[in-house]
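As a plain string of letters, each chain reads:
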Amino acid sequence: MNIALATSFVGLKGTGSAEVEASYLRARESAERLGDSARLFPALWGLWYVGYSRGLYPVARERSERLLATARDGSDTGRLLEAHHACWATRTPAGATIEGLAHLERGLALYDPVHHSAQTVRSEGHDPGTCAHYHLALTWWLLGYPDRAMAAVRDATSLAERLAQPLTTTIMLNFTSWVHYQRGEHAAALERAQRMVAISEAHGFVTWIDDGLAVLACVQPEERGSDRRRVDEFYQRLLVPRARAAWRNVVSLCLFAEAFGAMGDPDKGLEALSAIPQAHRRILYAPEIERIRGDLLLRRDEHSEAEQCFRGAIKLAREREEKSFELRAATSLARLLEGRGKRDEGRTVLGPIYRWFSEGLDTKDLREARALLDALA
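These figures come from a predicted structure and were not determined experimentally.

We now examine the pattern of salt bridges. In this structure the tally under the stated criterion is 33 salt bridges. Between Glu345 and Arg311 there is a salt bridge, with the nearest N and O atoms lying 2.8 Å from each other. Separated by 34 residues along the polypeptide, Glu345 in helix α20 (residues 343-356) and Arg311 in helix α18 (residues 303-320) bring together distant segments of the chain. Residue Glu345 is classed as partly exposed on the basis of its relative accessible area of 31%. Here Glu322 makes a salt bridge to Arg320, at a shortest N to O gap of 3.5 Å. Several salt bridges share partner residues, and in doing so they unite Glu258, Glu288, Arg291, Asp295, Arg328 and Asp365 into one network.

This is the structure we're talking about:
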(Lines give C-alpha, C1' and ligand atoms only; values in the text may rest on other atoms or scores of the structure.)
Protein backbone atom coordinates (compact mmCIF):
# COMPACT_ATOMS: atom_id res chain seq x y z
CA MET A 1 0.00 0.00 0.00
CA ASN A 2 1.59 3.33 -1.02
CA ILE A 3 1.03 6.53 0.92
CA ALA A 4 -1.45 7.94 -1.58
CA LEU A 5 -3.65 4.85 -1.32
CA ALA A 6 -3.20 4.69 2.44
CA THR A 7 -4.29 8.29 2.86
CA SER A 8 -7.29 7.77 0.62
CA PHE A 9 -8.27 4.75 2.69
CA VAL A 10 -8.01 6.78 5.89
CA GLY A 11 -10.16 9.51 4.42
CA LEU A 12 -12.86 7.09 3.32
CA LYS A 13 -13.00 4.75 6.29
CA GLY A 14 -12.15 6.94 9.26
CA THR A 15 -8.77 7.50 10.81
CA GLY A 16 -9.28 5.56 14.01
CA SER A 17 -11.24 2.52 12.90
CA ALA A 18 -10.10 -1.01 13.63
CA GLU A 19 -10.47 -1.77 9.92
CA VAL A 20 -7.97 0.91 8.97
CA GLU A 21 -5.47 -0.21 11.60
CA ALA A 22 -5.81 -3.85 10.53
CA SER A 23 -5.11 -2.84 6.94
CA TYR A 24 -1.91 -1.05 7.93
CA LEU A 25 -0.83 -3.98 10.08
CA ARG A 26 -1.24 -6.35 7.14
CA ALA A 27 0.69 -3.97 4.91
CA ARG A 28 3.51 -3.73 7.46
CA GLU A 29 3.72 -7.50 7.89
CA SER A 30 3.82 -8.02 4.14
CA ALA A 31 6.52 -5.39 3.65
CA GLU A 32 8.63 -6.82 6.45
CA ARG A 33 8.29 -10.34 5.07
CA LEU A 34 9.36 -9.20 1.60
CA GLY A 35 12.04 -6.81 2.85
CA ASP A 36 10.35 -4.06 0.87
CA SER A 37 11.27 -0.73 2.48
CA ALA A 38 9.31 1.21 -0.14
CA ARG A 39 6.09 -0.41 1.15
CA LEU A 40 7.15 -0.52 4.79
CA PHE A 41 7.38 3.22 5.29
CA PRO A 42 3.78 4.09 4.28
CA ALA A 43 2.47 1.21 6.36
CA LEU A 44 4.34 2.51 9.41
CA TRP A 45 3.17 6.02 8.65
CA GLY A 46 -0.43 4.82 8.57
CA LEU A 47 -0.06 3.03 11.89
CA TRP A 48 1.41 6.16 13.43
CA TYR A 49 -1.45 8.25 12.10
CA VAL A 50 -4.09 5.90 13.47
CA GLY A 51 -2.54 6.18 16.95
CA TYR A 52 -2.22 9.95 16.66
CA SER A 53 -5.78 10.46 15.42
CA ARG A 54 -7.12 8.42 18.35
CA GLY A 55 -5.23 10.58 20.83
CA LEU A 56 -3.14 7.58 21.89
CA TYR A 57 0.03 9.63 22.16
CA PRO A 58 2.26 7.00 23.85
CA VAL A 59 1.35 4.56 21.06
CA ALA A 60 1.85 7.23 18.40
CA ARG A 61 5.21 8.16 19.93
CA GLU A 62 6.48 4.58 19.74
CA ARG A 63 5.31 4.27 16.14
CA SER A 64 6.87 7.60 15.15
CA GLU A 65 10.21 6.40 16.50
CA ARG A 66 9.99 3.27 14.36
CA LEU A 67 9.08 5.45 11.39
CA LEU A 68 12.11 7.66 11.98
CA ALA A 69 14.47 4.68 12.32
CA THR A 70 13.18 3.29 9.02
CA ALA A 71 13.59 6.63 7.25
CA ARG A 72 17.16 6.99 8.51
CA ASP A 73 18.06 3.69 6.89
CA GLY A 74 17.40 5.15 3.44
CA SER A 75 18.37 8.22 1.42
CA ASP A 76 14.92 9.68 0.76
CA THR A 77 14.85 13.16 2.37
CA GLY A 78 11.09 13.28 1.85
CA ARG A 79 10.62 10.22 4.05
CA LEU A 80 13.02 11.56 6.64
CA LEU A 81 11.13 14.85 6.71
CA GLU A 82 7.82 13.03 7.15
CA ALA A 83 9.26 10.93 9.96
CA HIS A 84 10.36 14.07 11.83
CA HIS A 85 6.94 15.51 10.99
CA ALA A 86 5.27 12.56 12.74
CA CYS A 87 7.60 13.05 15.71
CA TRP A 88 6.89 16.75 16.21
CA ALA A 89 3.17 16.29 15.57
CA THR A 90 3.13 13.68 18.35
CA ARG A 91 5.40 15.23 20.93
CA THR A 92 4.15 18.80 20.92
CA PRO A 93 0.46 17.93 21.50
CA ALA A 94 1.48 15.30 24.05
CA GLY A 95 3.23 17.95 26.16
CA ALA A 96 6.83 16.98 25.31
CA THR A 97 7.55 20.50 24.09
CA ILE A 98 11.36 20.44 24.24
CA GLU A 99 11.55 17.10 22.42
CA GLY A 100 9.18 18.39 19.77
CA LEU A 101 11.39 21.43 19.20
CA ALA A 102 14.36 19.24 18.21
CA HIS A 103 12.29 17.51 15.52
CA LEU A 104 10.90 20.83 14.31
CA GLU A 105 14.37 22.26 13.83
CA ARG A 106 15.56 19.13 12.01
CA GLY A 107 12.49 19.15 9.81
CA LEU A 108 12.96 22.77 8.80
CA ALA A 109 16.61 22.06 7.97
CA LEU A 110 15.48 19.24 5.65
CA TYR A 111 12.53 21.03 4.06
CA ASP A 112 12.86 22.24 0.47
CA PRO A 113 9.65 23.89 -0.79
CA VAL A 114 10.45 22.94 -4.38
CA HIS A 115 10.85 19.24 -3.65
CA HIS A 116 8.73 18.69 -0.56
CA SER A 117 5.65 20.90 -0.87
CA ALA A 118 4.23 18.48 -3.44
CA GLN A 119 4.20 15.58 -0.98
CA THR A 120 1.19 16.85 0.94
CA VAL A 121 -0.47 13.46 0.49
CA ARG A 122 2.08 12.10 2.94
CA SER A 123 1.07 14.76 5.44
CA GLU A 124 -2.65 14.09 5.51
CA GLY A 125 -3.07 16.75 2.84
CA HIS A 126 -1.01 19.62 4.26
CA ASP A 127 2.48 20.96 3.62
CA PRO A 128 5.12 19.74 6.10
CA GLY A 129 7.21 22.92 5.93
CA THR A 130 4.28 25.16 6.79
CA CYS A 131 3.32 22.69 9.51
CA ALA A 132 6.79 22.99 11.02
CA HIS A 133 6.58 26.79 11.08
CA TYR A 134 3.20 26.97 12.79
CA HIS A 135 4.13 24.24 15.27
CA LEU A 136 7.28 26.25 15.94
CA ALA A 137 5.13 29.33 16.63
CA LEU A 138 3.13 27.35 19.19
CA THR A 139 6.31 25.92 20.71
CA TRP A 140 8.15 29.23 21.06
CA TRP A 141 5.13 30.75 22.79
CA LEU A 142 4.88 27.85 25.23
CA LEU A 143 8.58 28.05 26.05
CA GLY A 144 8.36 31.77 26.81
CA TYR A 145 9.48 33.46 23.61
CA PRO A 146 6.47 35.45 22.34
CA ASP A 147 8.44 37.43 19.75
CA ARG A 148 10.03 34.33 18.26
CA ALA A 149 6.55 32.87 18.10
CA MET A 150 5.38 35.83 16.02
CA ALA A 151 8.33 35.46 13.66
CA ALA A 152 7.29 31.83 13.12
CA VAL A 153 3.68 32.99 12.57
CA ARG A 154 4.90 35.27 9.78
CA ASP A 155 6.95 32.46 8.22
CA ALA A 156 4.01 30.04 8.33
CA THR A 157 1.65 32.63 6.86
CA SER A 158 4.03 33.57 4.05
CA LEU A 159 4.68 29.97 3.02
CA ALA A 160 1.01 28.99 3.18
CA GLU A 161 0.04 31.95 1.02
CA ARG A 162 2.66 31.02 -1.60
CA LEU A 163 1.54 27.39 -1.72
CA ALA A 164 -2.20 28.23 -1.76
CA GLN A 165 -3.25 24.76 -0.55
CA PRO A 166 -6.67 25.02 1.16
CA LEU A 167 -6.02 22.55 3.98
CA THR A 168 -2.53 23.89 4.63
CA THR A 169 -3.95 27.40 4.86
CA THR A 170 -6.79 26.27 7.12
CA ILE A 171 -4.51 24.56 9.66
CA MET A 172 -2.05 27.47 9.53
CA LEU A 173 -4.87 29.87 10.38
CA ASN A 174 -5.92 27.66 13.30
CA PHE A 175 -2.46 27.54 14.87
CA THR A 176 -1.64 31.19 14.26
CA SER A 177 -5.04 32.29 15.57
CA TRP A 178 -4.19 30.36 18.75
CA VAL A 179 -0.83 32.16 19.07
CA HIS A 180 -2.48 35.57 18.64
CA TYR A 181 -5.09 34.58 21.24
CA GLN A 182 -2.40 33.59 23.74
CA ARG A 183 -0.56 36.87 23.17
CA GLY A 184 -3.79 38.72 23.97
CA GLU A 185 -4.23 39.94 20.38
CA HIS A 186 -7.88 39.07 20.11
CA ALA A 187 -8.65 41.12 17.00
CA ALA A 188 -5.97 39.27 15.05
CA ALA A 189 -7.11 35.93 16.48
CA LEU A 190 -10.68 36.70 15.49
CA GLU A 191 -9.75 37.67 11.93
CA ARG A 192 -7.81 34.46 11.38
CA ALA A 193 -10.56 32.34 12.93
CA GLN A 194 -13.13 33.91 10.62
CA ARG A 195 -10.98 33.12 7.58
CA MET A 196 -10.45 29.58 8.82
CA VAL A 197 -14.18 28.98 9.17
CA ALA A 198 -14.86 30.41 5.72
CA ILE A 199 -12.27 28.18 4.02
CA SER A 200 -13.36 25.14 6.04
CA GLU A 201 -17.00 25.63 5.07
CA ALA A 202 -16.07 26.07 1.40
CA HIS A 203 -14.01 22.86 1.33
CA GLY A 204 -15.89 20.70 3.82
CA PHE A 205 -13.21 20.67 6.55
CA VAL A 206 -15.82 20.01 9.21
CA THR A 207 -13.64 19.47 12.27
CA TRP A 208 -11.65 22.64 11.66
CA ILE A 209 -14.88 24.64 11.63
CA ASP A 210 -15.34 23.69 15.29
CA ASP A 211 -11.93 25.12 16.22
CA GLY A 212 -12.73 28.40 14.50
CA LEU A 213 -16.13 28.65 16.16
CA ALA A 214 -14.52 28.15 19.58
CA VAL A 215 -12.32 31.20 18.98
CA LEU A 216 -15.21 33.22 17.56
CA ALA A 217 -17.29 32.44 20.65
CA CYS A 218 -14.57 33.20 23.15
CA VAL A 219 -12.81 36.35 21.92
CA GLN A 220 -15.73 38.63 21.10
CA PRO A 221 -16.71 40.62 24.20
CA GLU A 222 -20.18 41.33 22.87
CA GLU A 223 -20.86 37.59 22.66
CA ARG A 224 -19.77 37.09 26.24
CA GLY A 225 -22.06 39.80 27.49
CA SER A 226 -25.07 39.89 25.17
CA ASP A 227 -25.30 36.64 23.24
CA ARG A 228 -24.88 33.83 25.75
CA ARG A 229 -27.15 31.63 23.66
CA ARG A 230 -24.71 31.65 20.75
CA VAL A 231 -21.79 30.72 23.01
CA ASP A 232 -23.85 27.84 24.41
CA GLU A 233 -24.71 26.75 20.87
CA PHE A 234 -21.05 26.60 19.82
CA TYR A 235 -20.18 24.80 23.04
CA GLN A 236 -22.84 22.14 22.47
CA ARG A 237 -21.55 21.66 18.93
CA LEU A 238 -18.10 20.99 20.36
CA LEU A 239 -19.47 18.18 22.53
CA VAL A 240 -20.70 16.23 19.48
CA PRO A 241 -18.19 13.38 18.87
CA ARG A 242 -16.09 14.04 15.77
CA ALA A 243 -12.82 12.74 14.35
CA ARG A 244 -10.65 15.60 15.62
CA ALA A 245 -7.31 15.60 17.37
CA ALA A 246 -7.51 15.18 21.14
CA TRP A 247 -5.36 18.19 21.92
CA ARG A 248 -7.55 20.48 19.82
CA ASN A 249 -10.58 19.35 21.79
CA VAL A 250 -8.79 20.10 25.07
CA VAL A 251 -7.83 23.61 23.94
CA SER A 252 -11.36 24.42 22.76
CA LEU A 253 -12.93 23.20 26.01
CA CYS A 254 -10.52 25.36 27.99
CA LEU A 255 -11.44 28.40 25.89
CA PHE A 256 -15.10 27.82 26.61
CA ALA A 257 -14.42 27.26 30.30
CA GLU A 258 -12.71 30.66 30.50
CA ALA A 259 -15.51 32.31 28.52
CA PHE A 260 -18.18 30.92 30.83
CA GLY A 261 -16.23 32.13 33.83
CA ALA A 262 -15.93 35.62 32.33
CA MET A 263 -19.70 35.61 31.78
CA GLY A 264 -20.23 34.93 35.48
CA ASP A 265 -21.03 31.23 35.24
CA PRO A 266 -18.14 29.33 36.86
CA ASP A 267 -20.26 26.20 37.24
CA LYS A 268 -20.68 25.98 33.47
CA GLY A 269 -16.95 26.58 33.10
CA LEU A 270 -16.18 23.69 35.44
CA GLU A 271 -18.61 21.55 33.46
CA ALA A 272 -16.62 22.31 30.29
CA LEU A 273 -13.37 21.28 31.99
CA SER A 274 -14.97 18.07 33.25
CA ALA A 275 -15.71 17.13 29.63
CA ILE A 276 -11.95 16.68 29.06
CA PRO A 277 -11.23 12.92 29.30
CA GLN A 278 -8.92 11.91 32.12
CA ALA A 279 -6.49 10.40 29.62
CA HIS A 280 -6.02 13.81 27.99
CA ARG A 281 -5.46 15.93 31.11
CA ARG A 282 -1.67 15.81 30.82
CA ILE A 283 -1.29 16.63 27.13
CA LEU A 284 -0.94 20.08 25.58
CA TYR A 285 -2.59 22.79 27.74
CA ALA A 286 -2.40 20.66 30.90
CA PRO A 287 -1.12 23.54 33.10
CA GLU A 288 -3.94 25.71 31.82
CA ILE A 289 -6.55 23.13 32.76
CA GLU A 290 -5.42 23.48 36.38
CA ARG A 291 -5.08 27.25 36.29
CA ILE A 292 -8.48 27.81 34.68
CA ARG A 293 -10.04 25.42 37.17
CA GLY A 294 -8.44 27.47 39.94
CA ASP A 295 -9.83 30.72 38.54
CA LEU A 296 -13.31 29.19 38.30
CA LEU A 297 -13.14 27.88 41.87
CA LEU A 298 -12.00 31.31 43.02
CA ARG A 299 -15.12 32.79 41.46
CA ARG A 300 -17.06 30.43 43.75
CA ASP A 301 -15.02 31.63 46.75
CA GLU A 302 -13.31 28.26 47.13
CA HIS A 303 -9.94 29.82 47.87
CA SER A 304 -8.03 26.86 49.29
CA GLU A 305 -8.93 24.59 46.37
CA ALA A 306 -8.08 27.39 43.92
CA GLU A 307 -4.65 27.84 45.50
CA GLN A 308 -3.93 24.13 45.12
CA CYS A 309 -4.84 24.35 41.43
CA PHE A 310 -2.55 27.34 40.86
CA ARG A 311 0.38 25.68 42.61
CA GLY A 312 -0.24 22.48 40.64
CA ALA A 313 -0.28 24.45 37.38
CA ILE A 314 3.03 26.13 38.26
CA LYS A 315 4.65 22.79 39.11
CA LEU A 316 3.48 21.16 35.89
CA ALA A 317 4.54 24.11 33.73
CA ARG A 318 8.01 24.09 35.31
CA GLU A 319 8.41 20.37 34.68
CA ARG A 320 7.67 20.98 31.00
CA GLU A 321 9.64 24.26 30.79
CA GLU A 322 6.51 26.02 29.55
CA LYS A 323 7.36 29.48 30.84
CA SER A 324 4.29 31.22 29.44
CA PHE A 325 1.94 28.91 31.32
CA GLU A 326 4.10 29.21 34.44
CA LEU A 327 3.85 33.00 34.29
CA ARG A 328 0.08 32.86 33.88
CA ALA A 329 -0.37 30.47 36.83
CA ALA A 330 2.05 32.46 39.00
CA THR A 331 0.09 35.62 38.26
CA SER A 332 -3.14 33.95 39.35
CA LEU A 333 -1.52 32.67 42.55
CA ALA A 334 0.10 36.02 43.34
CA ARG A 335 -3.24 37.77 42.89
CA LEU A 336 -4.87 35.32 45.30
CA LEU A 337 -2.08 35.85 47.84
CA GLU A 338 -2.44 39.61 47.53
CA GLY A 339 -6.10 39.24 48.45
CA ARG A 340 -5.03 37.43 51.61
CA GLY A 341 -2.57 40.16 52.51
CA LYS A 342 0.46 37.98 51.67
CA ARG A 343 2.14 40.54 49.43
CA ASP A 344 5.71 39.39 50.09
CA GLU A 345 4.84 35.82 49.19
CA GLY A 346 3.07 37.04 46.07
CA ARG A 347 6.23 38.86 44.95
CA THR A 348 8.29 35.77 45.66
CA VAL A 349 5.99 33.66 43.49
CA LEU A 350 5.70 36.04 40.55
CA GLY A 351 8.95 38.02 40.51
CA PRO A 352 11.41 35.32 39.37
CA ILE A 353 9.32 34.03 36.48
CA TYR A 354 8.53 37.55 35.29
CA ARG A 355 12.21 38.52 35.34
CA TRP A 356 13.07 35.40 33.32
CA PHE A 357 11.39 36.83 30.23
CA SER A 358 13.61 38.75 27.82
CA GLU A 359 11.06 39.45 25.06
CA GLY A 360 7.36 40.01 24.54
CA LEU A 361 7.17 42.45 27.46
CA ASP A 362 4.34 44.29 25.71
CA THR A 363 2.11 41.20 25.51
CA LYS A 364 -0.99 40.97 27.67
CA ASP A 365 0.27 38.40 30.21
CA LEU A 366 3.54 40.18 30.84
CA ARG A 367 1.87 43.59 31.15
CA GLU A 368 -0.56 42.18 33.71
CA ALA A 369 2.25 40.49 35.63
CA ARG A 370 4.26 43.73 35.70
CA ALA A 371 1.24 45.71 36.93
CA LEU A 372 0.60 43.16 39.68
CA LEU A 373 4.24 43.26 40.79
CA ASP A 374 4.07 47.05 40.99
CA ALA A 375 0.93 46.75 43.10
CA LEU A 376 2.55 44.18 45.38
CA ALA A 377 5.53 46.49 45.87
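Next up on the list: the packing of aromatic side chains. Counted according to the given criterion, the structure contains 18 aromatic pairs. In textbook terms, an aromatic cluster arises when at least three aromatic residues are bridged by ring pairs, as seen for Trp45, Trp48, Tyr49, Tyr52 and Tyr57. Geometry around Tyr145 places Arg148 over its ring, the cationic atom sitting 4.0 Å from the centre. When the ring centre of Phe260 is taken as origin, the NZ or CZ atom of Lys268, which lies over that ring, is 6.0 Å away.

Our next topic: the packing of helix α8 (residues 128-142) against helix α10 (residues 166-182). Their axes nearest at 10 Å, the elements α8 and α10 cross at an angle of 15 degrees. On the basis of the axis angle, α8 is roughly parallel to α10. Considering the relative orientation of α8 and α10, their crossing is left-handed. Contacts between α8 and α10 pair Thr130, Tyr134, His135, Ala137, Leu138, Trp141 and Leu142 from the former with Thr168, Ile171, Met172, Phe175, Trp178, Val179 and Gln182 from the latter. Within the contact of α8 with α10, the residues separate by chemical class into 10 nonpolar, 4 polar and no charged.

So, about empty space enclosed by the protein. A probe as big as a water molecule, rolled over the atoms, marks out the empty space that is left. Under the counting rule described, the total for this entry stands at 3 cavities of 30 Å³ or more. Put simply, the largest cavity is a space of about 120 Å³. Taken together, Asn174, Ser177, Trp178, Tyr181, Asp211, Val215, Trp247, Arg248, Val251, Ser252 and Leu255 make up the lining of the largest cavity. Counting only elements with at least two residues in the lining of the largest cavity, the list comes to α10, α12 (206-219) and α15 (246-262). When residues in the lining of the largest cavity are grouped by element, the largest group, 5 residues, is from α15. Split into classes, the residues belonging to the lining of the largest cavity amount to 6 nonpolar, 3 polar and 2 charged. As a volume, the second largest cavity reaches approximately 60 Å³.

Analysis parameters
- Residues numbered from 1 in each chain as written.
- Predicted model: local features only at pLDDT ≥ 70, side-chain atom pairs only at ≥ 80, totals over all residues.
- Heavy atoms only, no water.
- Salt bridge = Lys/Arg side-chain N within 4 Å of Asp/Glu carboxyl O.
- Helix = DSSP H or I, 4+ residues; strand = E, 2+ residues; numbered from the N terminus.
- Buried < 20%, exposed > 50% of the residue type's maximum accessible area, 1.4 Å probe, protein only.
- Phe/Tyr/Trp six-rings, centres within 6.5 Å; stacked < 30°, edge-to-face > 60°.
- Lys NZ or Arg CZ within 6 Å of the ring centre and 35° of its normal.
- Axes fitted to C-alpha atoms, helices over the stretch in contact; angles between N-to-C directions.
- Parallel < 35°, antiparallel > 145°, perpendicular 65-115°, else oblique.
- Left-handed = near helix turned anticlockwise from the far one by under 90°.
- Contact = heavy atoms within 4.5 Å.
- Nonpolar A, V, L, I, M, F, W, Y, C, P; charged D, E, K, R; others polar.
- 1 Å grid on protein atoms, 1.4 Å probe; cavity = no way out; pocket = protein on both sides within 12 Å on 5 of 7 lines; lining within 4 Å.
- Points joined across faces, edges and corners; volume = space filled by probe spheres on them.

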